[in-house]
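# Analysis of the macromolecular model
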Amino acid sequence: MGSAKKTSNTARQARIAEMRRAEEARERRNRVLTIAVSALVVAGLVVGGVVLVRSQSGGDDADTASDAKSSGKFVTGADGVRTWKGTLARNHVAKKVTYPMEPPVGGDHNQVWMNCNGDVYTKPLQNENAVHSLEHGAVWVTYTDKAPKADVEALAAKVKKTPYSLMSPDDKQADPIMLSAWGHQRTVTGASDPNVDKFFAQFVQGEQTPEPGAACTQGLSQ
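Notes on the structure follow.

Moving on, we get to the overall build of the protein. The helix and strand tally for the protein stands at five helices and nine strands. Reading the protein from its N terminus to its C terminus gives the helix and strand order α-α-β-β-β-β-β-α-β-α-β-β-β-α. When each of the 222 residues of the protein is scored for burial, the buried share is 38%. For the protein, the proportion of contacts with a sequence separation of at least 24, taken over those separated by at least 6, is 67%. Put simply, the protein shows about 13200 Å² of open surface, and 55% of that area lies on carbon and sulfur atoms.

Right, dumping it as structure tokens:
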């Protein structure tokens, strides 16, 4: 009887020991799995962080798009108007665009246009917004700090009377006073230059307009 009880206790202890070994093995597997999963999560966060930093780093690839789809060159006509011979892209982009001319006369641009209902701006514009105005058929008058004050004031008065036109300073351009429309551009000597009226007559909502009749209000304003 005592022998049977001893055998039973031994078997019970053996089962308990086996159960403990099995539990310890499960715990070891769980620890290994937990560590592995944690490592994967950390690696994923690191990779995601690197991608996020790169996308927000301010590098050329992140913030600037080259207007590679616009190609060609200006050809100057007998009337002095430079016409872009080639292609001008018309995609909406959220980045700054490097244009092949200054001021630009077309190309990829921001989805929001500058108000161009005779709007006169006293600060330089974002090219991407102004190009969208040109797409709507606006004429853009730009000037540098070398333009005579009297000419600037006279041109501003003309713009204010002309729907589908806008005006702003641009010290990056080559000449003191320039007029731009989609695909066309010219330099004028001053507000009294007869070519000002000719340019406005030809290009305000002219045949070059990619989107005739599109709005010049309810856009962006300074």
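A few words on helix H4 (residues 149-160). Given 3.6 residues to a turn, an α-helix orients residues that are three or four positions apart in the same direction. Between its first and last C-alpha atoms H4 spans 16 Å; for 12 residues at 1.5 Å apiece the expected length is 16 Å, and the two agree. Within H4 the residues assigned to the buried category are Asp 151, Val 152, Leu 155, Ala 156 and Val 159. The buried residues of H4 occupy one face: seen down the axis, they fall within an arc of 135°. Within H4, the exposed residues directed more than 90 degrees away from the buried face are Ala 150 and Lys 160. Where H4 is buried, its residues contact strand E5 (117-120), strand E6 (139-143), strand E7 (165-169), strand E8 (177-181) and helix H5 (194-203).

A few words on the pairing of E7. E7 sits mainly inside the fold: five of its five residues count as buried. Judged by which residues are buried, E7 turns out to be covered on both faces: Ser 165, Met 167 and Pro 169 on one side and Leu 166 and Ser 168 on the other are all buried. In terms of strand pairing, E5 meets E7 through three bridges, oriented parallel. Pairing of Asp 119 across the sheet is with Leu 166, part of E7. Pairing geometry for E6 and E7, over five bridges, is parallel. Paired with Val 141 across the strands is Met 167, a residue of E7. Crossover handedness for the path E6 to H4 to E7: right-handed.

Here the focus is the sheet that holds E7. Ordered by their spatial adjacency, seven strands build an open sheet running E2-E3-E9-E8-E6-E7-E5, and the pairing between neighbours is mixed. Two strands lie at the open edges of the sheet, namely strand E2 (71-76) and E5, each paired on one side alone. With direction set aside, neighbouring strand axes in the sheet form an average angle of 20°. Its contacts with the sheet place helix H3 (residues 127-135) against E6, E7 and E8, and it is angled at close to 140° to E6.

Packing of H4 against H5 brings their axes to within 13 Å, and their N-to-C directions diverge by 25°. On the basis of the axis angle, H4 is roughly parallel to H5. The two elements H4 and H5 cross, and the hand of that crossing is right-handed. Two secondary-structure elements touch here, H4 through Leu 155, Lys 158 and Val 159 and H5 through Val 196, Asp 197 and Phe 200. Residues belonging to the contact of H4 with H5 are distributed by class as follows: four nonpolar, no polar and two charged.

So, on to the side chain of Ser 70. Tracing the backbone shows Ser 70 in the loop between strand E1 (64-66) and E2. A polar side-chain atom of Ser 70 sits 2.9 Å from the main-chain amide nitrogen of Ala 89.

Moving on, we come to the state of the cysteines. For the structure shown, the criterion picks out one disulfide. Across the disulfide from Cys 116 sits Cys 216; the S-S distance is 1.6 Å. Negative torsions about the S-S bond denote left-handed disulfides, and the value of about -90° found for Cys 116 with Cys 216 makes this one left-handed. Note that Cys 116 is positioned in the loop between strand E4 (96-98) and E5 and Cys 216 in the segment after H5, a separation of 100 residues in sequence.

Definitions and limits used
Residues numbered from 1 in each chain as written. Predicted model: local features only at pLDDT ≥ 70, side-chain atom pairs only at ≥ 80, totals over all residues. Heavy atoms only, no water. Helix = DSSP H or I, 4+ residues; strand = E, 2+ residues; numbered from the N terminus. Buried < 20%, exposed > 50% of the residue type's maximum accessible area, 1.4 Å probe, protein only. Contact = heavy atoms within 4.5 Å. Areas by Shrake-Rupley, 256 points an atom, 1.4 Å probe, with all protein chains shown as cover. Expected span 1.5 Å × (residues − 1). Arc of directions from axis to C-beta. Pairing = 2+ DSSP bridges. Right-handed = clockwise from strand over helix to strand, strands pointing away. Axes fitted to C-alpha atoms, helices over the stretch in contact; angles between N-to-C directions. Parallel < 35°, antiparallel > 145°, perpendicular 65-115°, else oblique. Left-handed = near helix turned anticlockwise from the far one by under 90°. Nonpolar A, V, L, I, M, F, W, Y, C, P; charged D, E, K, R; others polar. Polar contact = N/O pair within 3.5 Å; in protein donor to acceptor, adjacent residues only side chain to side chain. Disulfide = S-S within 2.5 Å.

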